[in-house]
Amino acid sequence: MLGFGAERLRADMNRLLALLFHQGVLDEQFLQLQQLQDESSPNFVSEVVNIYFHESEKLLRNLRGLLLDREFSDYNKMGIHLNQFMGSSSSIGANRVRNVCVAFRAASEQSNRPGCFRALELLEYEYCYLKNKLHELFQIEQQRILAAAVRYPPVQHPLNNP
């Protein structure tokens with residue numbers, strides 16, 4: 001008999017994913033990414049997402065650094081970072097992060113420094129929310145895999161044993 005908790009954990013994963021789609025945090029691109037995962041690469045999605053997180057941390061640091069520089073005036077450089085962030089966010093289905101990048105880019109194209117600061121704060125918030133929720137999803141998935149692998153011996157009734 002398979003582990004008792006595996007189905008409950010699968011239901012938890014599905015509920016969390018449904019919430020993230022309902023909130024607009026993720027879009028259909030995330031589902032397409034999941035479809036690329038199979039037995040030969042069981043951690044494909046989490047590996048791709050972890051690369052995204054690593055690169056995104058660098059982009060956020062660069063964006064913050066540009067805005068904190070009192071002499072900053074190169075909004076084109078900011079646009080390059082935002083285009084990278086938008087592209088990588090789109091590729092994993094990070095819909096709300098991508099949408100904030102679009103608004104941030106609009107502010108940078110207008111050389112609107114206060115608007116860029118507000119957009120950066122919102123971008124950092126959305127990014128952290130996404131990271132926390134996907135981390136939670138991957139933890140549940142790992143627990144589900146472990147639970148599914150556990151096999152319990154059949155229960156023998158004590159009266160049936162000679």
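For the structure itself, look to the data block above.
Residues numbered from 1 in each chain as written. Predicted model: local features only at pLDDT ≥ 70, side-chain atom pairs only at ≥ 80, totals over all residues. Heavy atoms only, no water.

### Overview of the overall build of the protein chain
Here's step 1: Broken down by element type, the protein chain carries six helices and zero strands.
Here's step 2: Within the protein chain, buried positions represent 38% of all 162 residues.
Here's step 3: For the protein chain, the exposed area adds up to about 10000 Å²; of that, 54% sits on carbon and sulfur atoms. (Helix = DSSP H or I, 4+ residues; strand = E, 2+ residues; numbered from the N terminus. Buried < 20%, exposed > 50% of the residue type's maximum accessible area, 1.4 Å probe, protein only. Areas by Shrake-Rupley, 256 points an atom, 1.4 Å probe, with all protein chains shown as cover.)

### Brief notes about the layout of surface pockets
Here's step 1: Its boundaries defined by the atoms lining it, the largest pocket holds a volume of some 340 Å³.
Here's step 2: In terms of lining residues, the largest pocket is bounded by 15 residues, among which Arg 10, Met 13, Gln 37, Glu 141 and Arg 144 are the most central.
Here's step 3: Counting only elements with at least two residues in the lining of the largest pocket, the list comes to helix H1 (5-22) and helix H6 (113-149).
Here's step 4: Here the lining of the largest pocket takes five residues from H6, the largest share from any one element. (1 Å grid on protein atoms, 1.4 Å probe; cavity = no way out; pocket = protein on both sides within 12 Å on 5 of 7 lines; lining within 4 Å. Points joined across faces, edges and corners; volume = space filled by probe spheres on them.)

### Structural notes on unusual backbone geometry
Here's step 1: Backbone geometry places Ser 111, a non-glycine residue, at a positive phi of 55°.
Here's step 2: Mapped onto the fold, Ser 111 is located in the loop between helix H5 (95-109) and H6.

### Looking at the packing of H5 against H6
Here's step 1: The geometry of H5 relative to H6 is characterised by a closest axis approach of 9 Å and an angle of 170° between their N-to-C directions. With respect to their mutual orientation, H5 and H6 come out roughly antiparallel. Taken together, the residues of H6 that come into contact with H5 (itself represented by Arg 96, Val 97, Val 100, Cys 101, Phe 104, Ala 107 and Ser 108) are Gly 115, Cys 116, Ala 119, Leu 120, Leu 122, Leu 123, Glu 126, Tyr 127, Tyr 129 and Leu 130.
Here's step 2: Looking at the contact of H5 with H6 residue by residue, the class counts come to 13 nonpolar, two polar and two charged. (Axes fitted to C-alpha atoms, helices over the stretch in contact; angles between N-to-C directions. Parallel < 35°, antiparallel > 145°, perpendicular 65-115°, else oblique. Contact = heavy atoms within 4.5 Å. Nonpolar A, V, L, I, M, F, W, Y, C, P; charged D, E, K, R; others polar.)

### Brief notes about the nonpolar core
Here's step 1: Counting 44 residues, the largest nonpolar core has Tyr 52, Met 78, Phe 85, Phe 104, Leu 123, Leu 130 and Leu 134 as the members making the most contacts within it.
Here's step 2: Those elements that place two or more of their residues in this core are H1, helix H2 (28-35), helix H3 (44-68), helix H4 (75-92), H5 and H6.
Here's step 3: Of the residues forming this core, the biggest block, 12 residues, is contributed by H6.
Here's step 4: With sequence-adjacent residues up to four places away left out, Phe 85 is seen in contact with Tyr 52, Ser 56, Leu 59, Leu 60, Leu 63, Val 97, Cys 101, Leu 123 and Tyr 127. (Core = buried A, V, L, I, M, F, W, Y, C linked by side-chain atoms within 4.5 Å.)

### Comments concerning the packing of H2 against H3
Here's step 1: The N-to-C vectors of H2 and H3 enclose an angle of 130°; their axes lie 8 Å apart at closest approach. Taken together, the axis directions place H2 and H3 in an arrangement best described as oblique. Here H2 runs over H3; the crossing is right-handed. Within the contact between the two elements, H2 uses Phe 30, Leu 33 and Gln 34 and H3 uses Phe 44, Val 45, Val 48 and Val 49.
Here's step 2: Considering only residue class, the contact of H2 with H3 consists of six nonpolar, one polar and no charged. (Left-handed = near helix turned anticlockwise from the far one by under 90°.)

### Some words on the packing of aromatic side chains
Here's step 1: Considering all chains together, one arrives at seven aromatic pairs under this definition.
Here's step 2: When the centroid spacing of 5.7 Å and the interplanar angle of 55° are considered together, the rings of Tyr 52 and Phe 53 count as tilted.
Here's step 3: A centroid spacing of 6.4 Å and a plane angle of 55° characterise the contact between Tyr 52 and Phe 85, whose relative ring orientation is tilted. Residue Tyr 52 is found in helix H3, and its partner Phe 85 is found in helix H4; the two are separated by 33 residues along the sequence.
Here's step 4: On the basis of relative accessible area, Phe 85 is assigned to the buried category, the value being 0%.
Here's step 5: Taken together, Tyr 52, Phe 53, Phe 85 and Tyr 127 form an aromatic cluster joined through their ring pairs.
Here's step 6: Directly above the aromatic system of Phe 53 lies the positively charged group of Lys 131, at a separation of 5.7 Å from the ring centroid. (Phe/Tyr/Trp six-rings, centres within 6.5 Å; stacked < 30°, edge-to-face > 60°. Lys NZ or Arg CZ within 6 Å of the ring centre and 35° of its normal.)

Function cannot be read off these values alone, since they describe shape.
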